[in-house]
Amino acid sequence: LQQRGLVPTIITYNALISACEKGGQWEMALKVFDGLKQRGLQPTIITYNALISACEKGAQWGKAIELLDELKQRGMEPDIITYSALISACEK
């Protein structure tokens, strides 16, 4: 994207994280998340929901719980999607 003069937004990163989740690439999703933070972008609840879902697909319930704690520390409120993904992660 950047080579073509395009600047990725949080929406771009959310889509990429969701694609990683659908492809079962939870580790890549976390790398993308680190990248968006390094660029100074602020994650949204959509970002965290996609990440928690990626962790759920990878049976990474501990990381999913860490992400829940992190989003709360950032002053965000978990929603039904957050809790649904978290419950799914914990049952695996």
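Conventions we followed
Residues numbered from 1 in each chain as written. Predicted model: local features only at pLDDT ≥ 70, side-chain atom pairs only at ≥ 80, totals over all residues. Heavy atoms only, no water. Phe/Tyr/Trp six-rings, centres within 6.5 Å; stacked < 30°, edge-to-face > 60°. Helix = DSSP H or I, 4+ residues; strand = E, 2+ residues; numbered from the N terminus. Buried < 20%, exposed > 50% of the residue type's maximum accessible area, 1.4 Å probe, protein only. Axes fitted to C-alpha atoms, helices over the stretch in contact; angles between N-to-C directions. Parallel < 35°, antiparallel > 145°, perpendicular 65-115°, else oblique. Left-handed = near helix turned anticlockwise from the far one by under 90°. Contact = heavy atoms within 4.5 Å. Nonpolar A, V, L, I, M, F, W, Y, C, P; charged D, E, K, R; others polar. Disulfide = S-S within 2.5 Å. Polar contact = N/O pair within 3.5 Å; in protein donor to acceptor, adjacent residues only side chain to side chain. Salt bridge = Lys/Arg side-chain N within 4 Å of Asp/Glu carboxyl O.

(A) Representation of the packing of aromatic side chains. With the rule as written, the count across this model stands at one aromatic pair. Judged by centre distance (5.4 Å) and plane angle (70°), the ring pair of Phe33 and Tyr48 falls under edge-to-face. Of the two residues, Phe33 sits in helix 2 (residues 26-38) while Tyr48 sits in helix 3 (residues 45-57), which places them 15 residues apart along the sequence. Judged on exposure class, the residue Phe33 and its partner Tyr48 are both buried.

(B) Quick peek at the packing of helix 2 against helix 4 (residues 61-73). The interhelical angle for the contact between helix 2 and helix 4, taken along N-to-C directions, is 20°, at an axis separation of 14 Å. Considering the angle they form, helix 2 stands roughly parallel to helix 4. Classified by chirality, the crossing of helix 4 by helix 2 is left-handed. Of helix 4, the residues touching helix 2 (which contributes Leu30, Phe33 and Lys37) are Lys63, Leu67 and Glu70. Of the residues belonging to the contact of helix 2 with helix 4, the class tally is three nonpolar, no polar and three charged.

(C) Here's a closer look at the state of the cysteines. This model, assessed by the stated rule, comprises zero disulfides. The thiol of Cys20 is unpaired, and the distance to the nearest cysteine sulfur, on Cys55, comes to 11 Å. Exposure remark for Cys20: the relative accessible area of 7% places this residue in the buried category. You can see Cys90 has no disulfide; the closest cysteine sulfur is in Cys55, sitting 11 Å from it.

(D) Structural context of the side chain of Glu21. Relative to the helices and strands, Glu21 is located in helix 1 (residues 10-22). Note on Glu21: relative accessible area 9%, which makes it buried. Ignoring sequence-local partners within four residues, the contact set of Glu21 consists of Ala50, Ser53, Ala54 and Lys57.

(E) Geometry of the side chain of Asn49. Following the sequence through the fold, Asn49 ends up in helix 3. Separated by 2.5 Å, the side chains of Asn49 and Thr82 make a polar contact. Those residues in contact with Asn49, other than ones at most four positions away along the chain, are Asp79, Ile81 and Thr82.

(F) Focus on the pattern of salt bridges. Evaluated as defined, the whole model comprises six salt bridges. Salt-bridge contacts for Lys57 lead to Glu21; the nearest nitrogen and oxygen are separated by 2.8 Å. Note that Lys57 is positioned in helix 3 and Glu21 in helix 1, a separation of 36 residues in sequence. Glu70 is paired through a salt bridge with Lys37; the nearest N and O atoms lie 3.5 Å apart. Linking Glu70 in helix 4 with Lys37 in helix 2, this pair joins segments that are 33 residues apart in sequence. Overall, the relative accessible area of 30% leaves Lys37 in the partly exposed class.

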